[in-house]
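Each chain, written out:
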Amino acid sequence: MRVYFDNAATTPLYPEVIQAMSDAMMKTFGNPSSVHHYGREARVLVEKSRKLVAEYLNISPAEIFFNSGGTEGNNAVIQGCISDLGIQHIITSPIEHPAVLNTVKKMAEKANISVSVVSINGKGHINLEHLEELLQGDKKTLVTLMHANNEISNLLPINNVSKLCRQYGALFHSDMVQTIGHYKIDLQAIDLDFVTASSHKFHGPKGVGFLYVNGNTVAITPLFSGGSQERNMRPGTENLMGIVGLGEALIQSYKSLETKMMKVKDIKAYFIQELRKSIPGVTFLGDSEEKGLYTILNVVFPKNPAGEMLINNLDIDGIAASMGSACSSGTTLRSTVVKALGVDEELHPIRFSFSHMNTREEVNYCIDMLKKHF
Ligand code: PLP
């Protein structure tokens, strides 16, 4: 049996997405910038997707810029804020995605900006009082904090952060890569300046996403130089098939969202219950057991002779999960999030992440395999 419990890394495509993309591939190959019939046909598909995204998020189509996904969006915001909006100070957290942390680090080395890291507690919650202290300087500030953490599931108290940012005149960017398509999101109800999203996290194709730029508050210039695509914000011929797939993935994600959410929550609760029964001593990182993003469960197993190789053993058993760590030249790098939470060096948390496509039978199989190792 093969079980895919790594849906925070990427998700399988909805059949409807494959169909919509195949239809577009068969029928529509024009360049959306061409003025002839073929180009106009392609343009219609791009604008249809944009309108869909705008409707679901309750924003204007003019505020959406298609791009290659979360990494590009995060780079565009951070670099654009420094080069175009006079940002001199960036506030972030130790548990952001590398697409934010490494970009902030690089920009701090290149540009004359200061960086502050808001403190977190043992559960990975942002310290809002510390954030308020950090906001009190007179430098023009960008706050970049993710909506849901991709390793420990914690949800940001986004409206509280937004209020603080507005009170102290800071710009606010949130990486919503793990929440768009998983919760109904009304961007009129959250006062922020930038949002990044990525289609492959909600059962759409890889290599495509979008950036939301609040048209009432900010404007930045593109990350790359080139043509005038995406209303001068993102040069390069549009990823037409990707954009079509993204639009269809959003439709499918928001169709019967409540039912799908209930199914994922049931699978996660069942997994927790069975883990507790079978492996005494398991604990869970961050908010992943209860309050956090419903798709993610980060499990700290008791000490195991396999150590960090447990994840590889599970792979041999047919189970795909993740450690939130990267392997290079045979060395396992501990995830920055796990480090920031001060997890014992001898423990190796494993992230299991679910979708409505998973089943209780898969949980049973996974538990049986885990039992072999403890
Ligand atoms: N931000 C978060 C929270 C993510 O989980 C990911 C994906 O791993 C990214 C950004 C990067 O997105 P993309 O794969 O579209 O570049």
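What comes next concerns the included structure. This one's a predicted model, so the numbers in the text were calculated from it and none came from an experiment. Sequence order sets the numbering: in each chain, residues are counted from 1 along the sequence as written. Only residues with pLDDT of 70 or above have their local features reported here, since the model is predicted, and side-chain atom pairs are shown and tallied only from 80 upward, although totals for entire chains, interfaces and linings are computed over all residues. Side-chain numbers come from the whole structure's heavy atoms, not from hydrogens or water.

In a regular helix each residue adds 1.5 Å, so 22 residues correspond to 32 Å; helix 9 (residues 257-278) covers 31 Å between its end C-alpha atoms and thus fits that length. Each residue is assigned to one of three classes by its accessible area relative to the maximum for its type, calculated with a 1.4 Å probe on protein chains only: buried under 20%, partly exposed between the two thresholds, exposed over 50%. Secondary structure elements follow DSSP: runs of H or I no shorter than four residues count as helices, runs of E no shorter than two count as strands, and numbering proceeds from the N terminus. Of the residues making up helix 9, those classed as buried are Leu257, Lys260, Met261, Val264, Ile267, Lys268, Tyr270, Phe271, Ile272, Glu274 and Leu275. Contacts are residue-level and defined by heavy atoms, with any inter-residue pair within 4.5 Å sufficient. The inward-facing, buried residues of helix 9 abut helix 8 (240-254), strand 9 (283-284), strand 10 (296-300), strand 14 (350-353) and helix 12 (360-373). What a helix should span is 1.5 Å times the count of its residues minus one.

The next point concerns helix 6 (residues 158-167). Owing to its 3.6 residues per turn, the α-helix aligns residues three or four sequence positions apart on the same side. Within helix 6, the full set of buried residues consists of Ile158, Val161, Ser162, Leu164 and Cys165. Looking straight down helix 6, one finds its buried side chains confined to an arc of 165 degrees; they lie on one side. Facing away from the buried side of helix 6 by over 90 degrees, the exposed positions are Lys163 and Gln167. Against helix 5 (128-134), strand 5 (141-144) and strand 6 (171-175) lie the buried residues of helix 6. The arc refers to the directions leading from the helix axis to the C-beta atoms.

Despite not being glycine, Asn58 shows a phi value in the positive range, around 60 degrees. By the secondary structure assignment, Asn58 is in the loop between helix 2 (37-57) and strand 2 (64-67). Although it is not a glycine, Glu230 adopts a positive phi angle of roughly 50 degrees. You can call Glu230 buried: its relative accessible area is 5%.

Buried and open spaces are told apart on a 1 Å grid over the protein atoms alone, a cavity being a set of points where a 1.4 Å probe fits but cannot get out and a pocket being an open set with protein on both sides within 12 Å along at least five of seven lines. Residues with an atom within 4 Å of a point are the lining residues. Grid points are joined across faces, edges and corners, and a volume is the space filled by probe spheres set on the points. Per the counting criterion, the structure on display carries four cavities of 30 Å³ or more. Considering only enclosed or pocket space, the largest cavity measures out at about 120 Å³ in volume. Around the largest cavity, the lining is made up of 14 residues, and of these Gly181, His182, His203, Tyr294 and His356 lie nearest the centre. Here the lining of the largest cavity takes four residues from helix 9, the largest share from any one element. As for the second largest cavity, its lining consists of Phe65, Asn67, Glu72, Ala76, Leu211, Pro222, Leu223, Phe224, Met233, Arg234 and Pro235. Counting residues per element, the ones that place at least two in the lining of the second largest cavity are strand 2 and helix 3 (70-85). In this count, Pro and Cys sit with the nonpolar residues alongside Ala, Val, Leu, Ile, Met, Phe, Trp and Tyr, while Asp, Glu, Lys and Arg are called charged and the others, Gly among them, polar. Per-class residue counts for the lining of the second largest cavity are eight nonpolar, one polar and two charged.

What follows deals with the sheet that holds strand 9. Pairing within the open sheet is antiparallel, and its three strands lie in the order 9-10-14. Looking at strand neighbours, the two that pair on one side only are strand 9 and strand 14, the edges of this open sheet. Pairing analysis gives two bridges linking strand 9 to strand 10, with the strands arranged antiparallel. Looking at the pairing, Thr283 lines up with Val300 of strand 10. Contacts between helix 9 and the sheet are confined to strand 9, strand 10 and strand 14, with strand 10 contributing the most and set at about 15 degrees to the helix. Two strands are counted as paired when DSSP detects at least two bridges linking them. Only C-alpha atoms enter the line fits that serve as axes; for helices the fit covers just the stretch in contact. Angles between N-to-C directions range over 0 to 180 degrees.

Take the sheet that holds strand 8 (residues 209-213) next. Strand pairing in a sheet relies on backbone hydrogen bonds, with the paired strands running either antiparallel or parallel. Ordered in space as 2-8-7-6-5-3-4, the seven strands form an open sheet in which the pairing is mixed. In this open sheet, the two edge strands, each paired with only one partner strand, are strand 2 and strand 4 (114-117). Along the sheet, successive strands turn relative to each other by an average axial angle of 20 degrees, direction set aside. Summarising the sheet, strand 3 (residues 89-92) and strand 4 pair through four bridges and their orientation is parallel. Counterpart to Ile91 in the pairing with strand 4 is Ser116. Along the sheet, helix 3 contacts strand 2, strand 3, strand 5, strand 6, strand 7 (194-198) and strand 8; its crossing angle with strand 7, the most-contacted strand, is approximately 160 degrees.

Another aspect to go through is the environment of Gln136. Looking at the element boundaries, Gln136 is found in the loop between helix 5 and strand 5. Residue classification places Gln136 among the partly exposed positions, given a relative accessible area of 47%.

Attention now moves to the layout of surface pockets. In this structure, the largest pocket encloses a volume near 550 Å³. Lining the largest pocket are 34 residues, with His97, Pro98, Ala99, Asn150 and Lys201 positioned closest to its centre. With four residues, helix 4 (residues 98-110) is the largest single contributor of residues to the lining of the largest pocket. Here the residues of the lining of the largest pocket are counted per class, giving twelve nonpolar, 16 polar and six charged.

A few words on the packing of helix 3 against helix 4. Interhelical geometry of helix 3 versus helix 4 gives an angle of 30 degrees and a closest axis separation of 9 Å. Considered as vectors, helix 3 and helix 4 are oriented roughly parallel to each other. For the pair helix 3 and helix 4, the sense of crossing is right-handed. Facing Thr71, Asn74, Asn75, Ile78, Gln79 and Ile82 of helix 3, the residues of helix 4 in contact are Ala99, Val100, Thr103, Val104, Lys106 and Met107. Orientation labels follow simple angle bins: below 35 degrees gives roughly parallel, above 145 gives roughly antiparallel, 65 to 115 gives roughly perpendicular, and whatever is left gives oblique. Two helices cross in a left-handed way if the nearer one is turned anticlockwise from the farther one by less than a right angle. They cross in a right-handed way if the turn is clockwise.

The values are spatial; any link to function lies outside them.
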